[in-house]
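Per-entry structural report
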Amino acid sequence: MQLTPSIRSALAAGAAVTVLFAGAGAAAAAPAAPKAPATAPAAATAHSPYAQLRPLATFSAERLATADLVAAAKWGTGSPIDDPAREQEVLKSVAEQARQLGADPAATTRIFRDQIEANKVVQRGLYRQWDANPAQAPTERPDLQEVRKEINRVNGELVRAVAASPHARSAPSCTPLLTVAAAQVRAERQLDGLHTVALARSLRSVCAGA
C-alpha cells in the first residue's frame, strides 16, 4: 500500500497511543486518563480509512453509555448481568440487518459479540463499585425496556458503520487508525478507566484478522 504523508502521520499517531489499549487492564484502576491528540489525523477525509473507522469507535462508546443504565435497571433486582436470550436476539437482529445492507453477517456478529461482552464489563465493574461503596449505588431504576430501545438504535448505527467500512477494516492501517479514533473518543467523552477498558474490549474484532 502506498502511504501518503497524511496516512504516515496517522499511523505514527496510532503507534503512539497503542499503549492505551495494550495496557487497558491497568487503566481500570487509573484515575484520570491522559488526553489524546485534540485533532483527528490529517487523513480523515470523507472516504478515508480513518473516517470509516471513527464511527465504529463513536457508536461503541455510545453503546457503552447504555451499560450504566442497564446496570442501574438491574441493580438490586436479582436479574443476572448475563442474558443469553437477549444476546441471541441482538445477534440475530444485527446479522439480518447486515444481510439487508449487503454486509458480512459473520463479521458483524463477531463485532457485536465483543460489544455485548464490553457492555457486561461495565456492568460488572459498576456492581463491584456499588458493592464496595453502597452510597454510590443508583437510587432510581431506569426502565429497562426504554434503555433497550436506545441500545437497538445504536445497534443500527453500528451495523451501518460496519457495512460502510469493509476496506478500512481489512487494511493494514486498521489497527493504528482505530486506536487513534478510540483514543480521541475516549478523550472527548472523558471516559474513566472502567469505560476505557470496555471500549478497547468492544473494538477487539473490528480489524480483520485482529
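Residues numbered from 1 in each chain as written. Predicted model: local features only at pLDDT ≥ 70, side-chain atom pairs only at ≥ 80, totals over all residues. Heavy atoms only, no water.

**A few points about the overall build of the chain**
Scanning the chain for helices and strands turns up nine helices and zero strands. Each helix and strand of the chain, ordered N terminal to C terminal, gives the series α-α-α-α-α-α-α-α-α. The proportion of buried residues among the 210 residues of the chain is 49%. Intrachain contacts of the chain at a sequence separation of at least 6 include 87% that bridge at least 24 residues. Within the structure as shown, the chain displays about 10400 Å² of accessible surface, and the carbon and sulfur contribution to it stands at 56%. (Helix = DSSP H or I, 4+ residues; strand = E, 2+ residues; numbered from the N terminus. Buried < 20%, exposed > 50% of the residue type's maximum accessible area, 1.4 Å probe, protein only. Contact = heavy atoms within 4.5 Å. Areas by Shrake-Rupley, 256 points an atom, 1.4 Å probe, with all protein chains shown as cover.)

**Digging into the packing of aromatic side chains**
The final tally for this structure, using the stated rule, is three aromatic pairs. Residues Trp75 and Tyr127 carry aromatic rings whose centres are separated by 5.1 Å and whose planes lie at 75 degrees to one another, so their mutual orientation is edge-to-face. One end of the pair, Trp75, is in the loop between α3 (49-74) and α4 (84-101); the other, Tyr127, is in helix α5 (residues 105-132), and 52 residues separate them in sequence. Of the two residues, Trp75 and Tyr127, both sit in the buried class. Centroid distance Tyr127 to Trp130: 6.1 Å. Interplanar angle 35 degrees. Geometry classified as tilted. Here Tyr127 and its partner Trp130 are both found in helix α5, three residues apart, which amounts to about one turn of the helix. The exposure class assigned to Trp130 is buried, which follows from its relative accessible area of 7%. Grouped by ring-pair contacts, the aromatic residues Trp75, Tyr127 and Trp130 constitute a single cluster. (Phe/Tyr/Trp six-rings, centres within 6.5 Å; stacked < 30°, edge-to-face > 60°.)

**A few points about the pattern of salt bridges**
Overall, the coordinates contain 14 salt bridges when judged by the stated rule. Between Lys120 and Asp82 there is a salt bridge; the shortest N-O distance is 2.7 Å. Pair noted here: Lys120 is in helix α5 and Asp82 is in the loop between α3 and α4, with a separation of 38 residues, a long-range link. Residue Asp82 is classed as partly exposed on the basis of its relative accessible area of 35%. Under the relative-accessibility criterion, Lys120 is labelled buried at 4%. (Salt bridge = Lys/Arg side-chain N within 4 Å of Asp/Glu carboxyl O.)

**A closer look at the state of the cysteines**
Here, disulfide denotes a covalent bond that connects the sulfur atoms of two cysteines. Under the criterion given, the structure shown has one disulfide. The disulfide that involves Cys174 links it to Cys207, with 2.0 Å between the sulfurs. With the S-S dihedral at roughly -80 degrees, the linkage between Cys174 and Cys207 falls on the left-handed side. Here Cys174 is found in helix α8 (residues 174-189), whereas its partner Cys207 is found in the segment after α9 (193-202), with 33 residues between them in sequence. Of the two residues, Cys174 and Cys207, both sit in the buried class. (Disulfide = S-S within 2.5 Å.)

**Remarks on the confidence of the model for the chain**
On average, the chain scores 85 in pLDDT, and the residues at 70 or more come to 77%. Within the model, the stretch residues 1-20 combines pLDDT values under 50 with 23 contacts to residues more than four positions away or in other chains. Contacts from residues 23-39, a stretch scored under 50 in pLDDT, to residues over four places away or in other chains number 21 contacts. (pLDDT = per-residue confidence, 0-100.)

**Some words on the packing of α3 against α9**
Running from N to C, α3 and α9 point in directions that differ by 125 degrees, and their axes come no closer than 10 Å. The angle between α3 and α9 falls in the class oblique. Note on packing geometry: the crossing formed by α3 with α9 is right-handed. Contact with α3, carried on its side by Ala57, Ser60, Ala61, Leu64 and Asp68, involves His195, Ala198, Leu199 and Ser202 of α9 and no other residues of that element. Looking at the contact of α3 with α9 residue by residue, the class counts come to five nonpolar, three polar and one charged. (Axes fitted to C-alpha atoms, helices over the stretch in contact; angles between N-to-C directions. Parallel < 35°, antiparallel > 145°, perpendicular 65-115°, else oblique. Left-handed = near helix turned anticlockwise from the far one by under 90°. Nonpolar A, V, L, I, M, F, W, Y, C, P; charged D, E, K, R; others polar.)

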